[in-house]
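Here are the chains, one letter per residue:
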Amino acid sequence: CCGGGGGVQAHDPDMAVDMARKRVRDALAVGAEIIISGCVACKDNLRKGAKAIPKDERNNIKIMDITEIVAYSMKEQTQAPRSSFFSMRTKKRTP
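Once a new chain begins, its residue numbering starts again from 1 and follows that chain's sequence as written. Reporting in this predicted model follows two pLDDT cut-offs: at least 70 for local features of residues, and 80 or more for side-chain atom pairs to be given and counted; totals over whole chains, interfaces and linings ignore these cut-offs and use all residues. Water and hydrogen atoms were dropped before computing side-chain values, which therefore reflect all heavy atoms in the structure.

### What about unusual backbone geometry?
Then, in step 1: Despite not being glycine, Asn59 shows a phi value in the positive range, around 55 degrees.
Then, in step 2: Counting from the N terminus, the helices are DSSP H or I runs at least four residues long and the strands are E runs at least two residues long. In this structure, Asn59 sits in the loop between helix H4 (55-58) and strand S2 (62-65).
Then, in step 3: Three labels apply to residues, based on accessible area from a 1.4 Å probe with only protein chains included: buried if under 20% of the type maximum, exposed if over 50%, partly exposed otherwise in between. Its relative accessible area of 51% is what places Asn59 among the exposed residues.

What follows is the structure, given as structure tokens:
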């Protein structure tokens, strides 16, 4: 838990940020460069937790929502050169 939901943020904001800071440190300890969440409250709180860590310790870790990753992936696919197989599979067929 990052502390962003379940009423933690509303009841004890300092504890919520401390919990998020711990989760960010956990991610940094395993070499993560991005933390992805499917929850807006988690994304917000994890960002607060990351900002609570000195910049030289947090490196450039990013906190992102899963929809941002999907959107980025879709954008990359539309800009990537298409292989001949992909072009054949996506051609519009006329009846």
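On we go.
### Notes on the pattern of salt bridges
Then, in step 1: Here, a salt bridge means any Lys or Arg side-chain nitrogen found within 4 Å of an Asp or Glu carboxyl oxygen. Tallied over the entire structure, the rule returns six salt bridges.
Then, in step 2: Between Lys22 and Asp18 there is a salt bridge, with the nearest N and O atoms lying 3.6 Å from each other. Of the two residues, Lys22 and Asp18 both sit in helix H2 (residues 13-29), four residues apart, roughly one turn of that helix.
Then, in step 3: The shortest N-O distance in the salt bridge between Asp26 and Arg23 comes to 3.2 Å. Note that Asp26 and Arg23 are positioned in helix H2 at a spacing of three residues, about one turn of the helix.
Then, in step 4: Using a relative accessible area of 33% as the deciding quantity, one classes Arg23 as partly exposed.
Then, in step 5: Taken together, the salt bridges that share partners define one network made up of Asp18, Arg21 and Lys22.

### With respect to the confidence of the model for the chain
Then, in step 1: Confidence scores labelled pLDDT are given residue by residue by the predictor and lie between 0 and 100. Across the chain, pLDDT averages 83, with 82% of residues at or above 70.
Then, in step 2: Between residues 83-95, whose pLDDT stays under 50, and residues either more than four places distant or in other chains, the model counts two contacts. Throughout, a contact is declared for two residues whenever any of their heavy atoms are within 4.5 Å.

### Notes on H2
Residues separated by three or four positions in an α-helix point in the same direction, a consequence of the helix having 3.6 residues per turn.
Then, in step 1: An ideal rise of 1.5 Å per residue puts 24 Å on 17 residues; H2 measures up with 24 Å between its terminal C-alpha atoms.
Then, in step 2: Each element contacted by the buried residues of H2 is listed here: helix H1 (8-11), strand S1 (34-37), helix H3 (40-51) and H4.
Then, in step 3: Following H2 by one or two positions, Gly31 has its phi on the positive side, about 85 degrees. Expected span, for any helix, means 1.5 Å times one less than how many residues it has.

### Focus on the nonpolar core
Then, in step 1: With 11 residues, the main nonpolar core is built from Cys2, Ala20, Val24, Ala27, Leu28, Ile35, Leu46, Ala50, Ile53, Ile61 and Ile63.
Then, in step 2: Where this core is concerned, the elements lending two or more residues are H2 and H3.
Then, in step 3: In this structure Ala27 touches Ala32, Ile35 and Ile61, once residues within four positions along its chain are discounted. Put simply, buried Ala, Val, Leu, Ile, Met, Phe, Trp, Tyr and Cys residues joined by side-chain atoms within 4.5 Å make one nonpolar core.

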